[in-house]
Amino acid sequence: MTSVADALASVRERIARAAQAAGRAPEEICLVAVSKLKSAELVREAYLAGQRDFGENYVQELVEKAEALADLQELRWHLVGHLQRNKVKSALRAASVVHSVDTPRLARELGKRVAERYGEPPEGGSVPQLSVLVEVNIASEPQKGGVTPNELGPLLETIEQEPALRLRGLMAVPPQTEDPGDSRQFFDELVRLRERHGGALRLPELSMGMTHDLEHAIEAGATIVRVGTAIFGKRD
Ligand SMILES: *Cc1c(COP(=O)(O)O)cnc(C)c1O
C-alpha cells in the first residue's frame, strides 16, 4: 500500500502538471483533502506531510475529527457536504469554509450564528467572517443539493447582505460518469455562470474537480479541487 504522504505527492504532481498544461501557476490551485469516512489518524498523516486544507461531508464527523485533531493548529476544515440548518451551530465549531450554501434561509442562519459566535466587533474592528461558497446544482439533478442556476442571483445577494459571511465563489459536483471528460461541460457551465454573476472579482473561487476529473477542472479554471480517494484510498 502507498502511504498517504506518497499519495499526496502524486496528487500534487497531477495538479502541477494540469496547471502547467493550462498555462496556470500551480499555486493558484488549492487542494482540499476530503477525508470523509477516513480516520483522524490518516488526516494527521496528511497534515504531517504538509497538507493543511481538509474537507468533510457530514457535520458530526467533522466535529469529531476536529476535536481529535485540535492540536494541529494550521489545519483548516472545509465543509463540502450538504448542510442542514439545524446543524449550523455544530458545523461552526469546526468549519473555516462552507462550500455548500444553497438556500437564502441557510445563508441567513449561517450569518446569524457566525455573528452570535463572535459577538460584536471591537470598535473600529472588522466583523469576523465565515468564508462561503454557493453550491450550484449544475446538471439540475433532482436528488442533489445546490441552487438552480435561475436562483443563483438572489442567493448571492442574500449572502452579501450578511456582514458575517464572506462570499468566495461557486462550487459544483457534476454527475457521476465513466469518462472524466464528461465533466468538462459542467465545469465550463459553472465558469459561464460566474461570468454572468460578476466574474472573478465577485466570485474569485471555483471549487470543482475530484479524484477522477481534476485535470479537466483545472483546465476549465478551478481554483479549489476536492480530492478524497486519490489521497486516502477507496471508501467502504
Ligand atoms: C467525496 C467528495 C469529494 C471527493 O471525492 P473523490 O472522488 O473521493 O476524490 C469531493 N467533493 C465532494 C462534495 C464529495 O462529497
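Placed above this text is the structure.
An account of the accompanying structure is given in this report.

Calculation notes
Residues numbered from 1 in each chain as written. Predicted model: local features only at pLDDT ≥ 70, side-chain atom pairs only at ≥ 80, totals over all residues. Heavy atoms only, no water. Near = heavy atom within 4 Å. Polar contact = N/O pair within 3.5 Å; in protein donor to acceptor, adjacent residues only side chain to side chain. Nonpolar A, V, L, I, M, F, W, Y, C, P; charged D, E, K, R; others polar. Helix = DSSP H or I, 4+ residues; strand = E, 2+ residues; numbered from the N terminus. Buried < 20%, exposed > 50% of the residue type's maximum accessible area, 1.4 Å probe, protein only. Pairing = 2+ DSSP bridges. Right-handed = clockwise from strand over helix to strand, strands pointing away. Salt bridge = Lys/Arg side-chain N within 4 Å of Asp/Glu carboxyl O.

### Some remarks on the site of the ligand
Surrounding the ligand, one finds Val34, Lys36, Asn57, Val80, Val173, Met210, Thr211, Arg226, Val227, Gly228, Thr229 and Arg235. In the model, an oxygen atom of the ligand is placed 2.7 Å from a nitrogen or oxygen of the Lys36 side chain. Thr211 is positioned such that a nitrogen or oxygen atom in its side chain is 2.5 Å from an oxygen atom of the ligand. Here the residues of the shell around the ligand sort into 5 nonpolar, 4 polar and 3 charged.

### Notes on unusual backbone geometry
The phi dihedral of Leu37 is positive, around 65°, even though this residue is not glycine. Tracing the sequence through the fold places Leu37 in the loop between β1 (30–34) and α2 (40–48). A positive phi angle, close to 50°, is found at Ser140, a residue other than glycine. Its place among the elements puts Ser140 in the loop between β5 (130–135) and α6 (152–160). Taking the relative accessible area as the measure of exposure, Ser140 reaches 52% and is therefore exposed.

### Describing the pairing of strand β2 (residues 53–56)
Where burial is concerned, the two faces of β2 agree: the one with Asp53 and Gly55 and the one with Phe54 and Glu56 are both buried. Across 2 bridges, the pairing between β1 and β2 is parallel. In the strand pairing of β2, Ala33 is matched with Phe54. Each parallel crossover has a hand, and the one from β1 via α2 to β2 is right-handed. Strand direction decides the pairing type here: β2 and strand β3 (residues 76–79), joined by 4 bridges, are parallel. Within β3, the residue paired with Asp53 across the bridge is Arg76.

### Observations regarding the pattern of salt bridges
The final tally for this structure, using the stated rule, is 19 salt bridges. Measuring nitrogen to oxygen at the nearest pair gives 2.9 Å for the salt bridge that ties Arg113 to Glu109. Here Arg113 pairs with Glu109, and both are found in helix α5 (residues 104–118), just 4 residues apart, close to one helical turn. Glu109 matches Arg113 in its accessibility class, with the two residues each being buried. The closest approach of N and O atoms between Glu195 and Arg194, which form a salt bridge, is 4.0 Å. Judged by relative accessible area, Arg194 falls into the buried class, the value being 10%. Residues participating in the shared-partner salt-bridge network are Glu41, Arg44 and Asp71.

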